[in-house]
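The lines below spell out each chain.
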Amino acid sequence: MTLKAKMTVDKEYKIGKIDDRIYGSFIEHLGRAVYEGIYEPDHPTADAQGFRQDVIELVKELKVPLVRYPGGNFLSGYNWEDGVGPVADRPRRLDLAWRTTETNQIGTNEFMDWAKKINAEVNMAVNLGTRGIDAARNLVEYCNHTSGSYWSDLRISHGYKDPHNIKTWCLGNEMDGPWQIGHKTATEYGRLAAETAKAMKWVDSSIELVACGSSNRHMPTFAEWEATVLDHTYDHVDYISLHTYYGNRDNDLGNYLAQSLDMDQFIYSVISTADYIKAKKRSKKTINLSFDEWNVWFHSNEADKKIEPWSIAPPQLEDIYTFEDALLVGSMLISMLKRADRVKIACLAQLVNVIAPIMTEKGGEAWKQSIFYPYMHASVFGRGEAIHAVVSSPKYDSKDFTDVPYLDTVVVHDEESEALTIFAVNRHQSESLLLECDFRSYEGYQVVEHIVLENADVKATNQVKRDNVVPHSNGTAKADQGALTAELSKLSWNVIRLAK
Ligand code: AHR
C-alpha cells in the first residue's frame, strides 16, 4: 500500500521573511572548536594567521551568516581582556565550566578576522556570570567605538584601526542553569540584564540585544523565567533566547524523530510568554526569538566523563552523527522556518569539532558529518520568505508524542531569484510517502532538482575520508501545471527545488 500525503501551497500563505541569521552557528572556547578546529598554526593549510583554510572552505559551503562567540558555559567565567593585545602576554586561565585550561591564543580580534574570512557577522556574548555592566559596556566600546576613548584607542593600539561594528549581542548564557558560574534567579538576572543592556546601548544605540531565556523547555523555572526576565528587560532588549538539544537515548527512532514537535511547542510557548508581557506592558514593541543553541547532543556524553581535567583543547563533545540525527536536524530546521515570523536568529551549536557538522583531524583532514547536509541545504536554498503549507498526512503515535505527521514540511519562496523550495522529511520507517502538492498559484514553476538524503542504515556515520551519508539528486519529483508529485523514500530528507 502506498501512503499518500497532500499539501497545498499558495503564494498568499506567507509566514514571514526569513532573517538570514536563522542559519547562524556557534563557536565556543570549548574542546577543539577553536584550537585544532578553526585555528591550527602548524596545519599544512594554515594561513598567515594560523587559521585552517580547509575548514574555512567547508564553512563557506554552509554559507553561515552569523557565528555566536565565545560561549556557551565558557562565557560565564571569561575575561574578554585576557584575549586582546600581544598574544605572548595573554594569561592561561582555568576554565571552570569545562574544567580545561584556556590559553587565550585566540580572542576577540582574531575571531573577528576569522569571521570576515568566512563572510559572517559575529553574535558576541558578554559575561553576566562573574562579570557585569562595566565589562560589557567596555567591550562594546572596544569593539564598536571609532576612536578617542580609552577602550577604542586600546583596540587601535592592538592593530585594529577600524571598529568591528558588531550588531548582535547576547546578555550572558543560560543564566537559569545551576551549572553556570554566577547562576541567578530570574529577578537577579532580569535586573542585571536590563541595566547592562541600557549601558551597552548608551555606548552604541545601533546594537541589538538577546536576553537569556531558559536553557531548555524542561527546566523547572521555564516560562516563569521568560516572563520575569522580560518584565525587567522588555524595553531594553530585542530578542529572548531558546536552547535545546535532543538525543536518541532510548534507541526509539519513532519517538526520536518526533522530538521536533517538542521544539514546535517550545517556540510556541516562548512567543506566547513574550506576547503576554507585551500585553501586560501595553507595548507596541514585539520581542522576537533567538534560538541560539540547537542540535542533537548525546553521543559523546560518556566519553566526556573520561577527559583529563585542565587539559588544553581536549576532544570534548565530539558527537559522531548518524543518518537518523541528520533527519532530526532537518526537522528542527523545518520547525524554525515554520515560525520564521518570530524566530529571527538561530545558531546550530556548534560549528567545528564540538557537536558539529565539520570535524577535523589534528594536522590532517577536515570532513563533513551527516548533519552538514540538511543544514547546508536549508542555508543555501532556504532564503526568502517562509510559506505555510496546508498538509494532510498520515500520522503515528510514539512514547512521548501523539499525532506525529509522517510528513514534516515547509516551503520557501525567493521572489527575487524566483526559486521555490520544498523541504520535507518522511518520518516513516518502512514506507515511502507519495507526496501530492498543489502549488498552482506559482505559475510557470518547474522542478529543477530533487535532492534526497537517505540511507539503508539509520546508524550510518561519516568518518575521515569515508562519506557514507551523502545526498543524491535522483529524487522523483515532477510538476505539471501547478501539480507536483514526488515519492519521498522512507526515512528521508528531501529538498525539491523549483524555478521559473
Ligand atoms: O553547546 C554546548 C553547551 O550547551 C553550551 O556551552 C551551553 O550554553 C549549553 O549548555
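Look up: the structure comes first, before these words.
Just so it is clear, the structure is predicted and the values come from calculations on it, not from any experiment.

Visitor: How would you summarise the packing of helix 5 (residues 186-203) against helix 6 (residues 224-233) if you had to cite specific residues and measurements?
Guide: How two helices sit against one another is set out by the angle between their axes and by the gap between those axes. Where helix 5 meets helix 6, the closest approach of the two axes is 8 Å, and the angle between their N-to-C directions is 30°. Our classification of the angle between helix 5 and helix 6 gives roughly parallel. Where helix 5 crosses over helix 6, the handedness of that crossing is right-handed. Along the contact surface, helix 5 presents Ala 186, Thr 187, Tyr 189, Gly 190, Arg 191, Ala 193 and Ala 194, while helix 6 presents Trp 225, Thr 228, Val 229, His 232 and Thr 233. In terms of residue class, the contact of helix 5 with helix 6 is built from six nonpolar, five polar and one charged.

Visitor: Describe the pairing of strand 14 (residues 385-392), listing the residues and the values that go with them.
Guide: When strand 1 (residues 3-17) meets strand 14, the two strands line up antiparallel, connected through seven bridges. Looking across to strand 14, one finds that Val 9 is bridged to Ala 389. Pairing of strand 14 with strand 17 (residues 407-414), which is carried by three bridges, proceeds in the antiparallel orientation. Looking across to strand 17, one finds that Ala 386 is bridged to Val 412.

Visitor: Give a detailed account of unusual backbone geometry, specifying residues and quantitative values.
Guide: Cis geometry is found at the peptide bond from Tyr 69 to Pro 70, where omega equals 0°. Its place among the elements puts Pro 70 in the loop between strand 3 (66-69) and strand 4 (93-95). Cis peptide bonds are those with omega within 30 degrees of zero, and the linkage from Ala 349 to Gln 350 qualifies with 5°. Tracing the sequence through the fold places Gln 350 in the loop between strand 11 (343-349) and strand 12 (358-360). Non-glycine residue Ile 355 carries a positive phi angle of around 35°. For Ile 355, the position within the fold is in the loop between strand 11 and strand 12. A residue is classified by how much of its surface remains accessible, and Ile 355, at 0% relative accessible area, is buried.

Criteria and thresholds
- Residues numbered from 1 in each chain as written.
- Predicted model: local features only at pLDDT ≥ 70, side-chain atom pairs only at ≥ 80, totals over all residues.
- Heavy atoms only, no water.
- Axes fitted to C-alpha atoms, helices over the stretch in contact; angles between N-to-C directions.
- Helix = DSSP H or I, 4+ residues; strand = E, 2+ residues; numbered from the N terminus.
- Parallel < 35°, antiparallel > 145°, perpendicular 65-115°, else oblique.
- Left-handed = near helix turned anticlockwise from the far one by under 90°.
- Contact = heavy atoms within 4.5 Å.
- Nonpolar A, V, L, I, M, F, W, Y, C, P; charged D, E, K, R; others polar.
- Pairing = 2+ DSSP bridges.
- Buried < 20%, exposed > 50% of the residue type's maximum accessible area, 1.4 Å probe, protein only.

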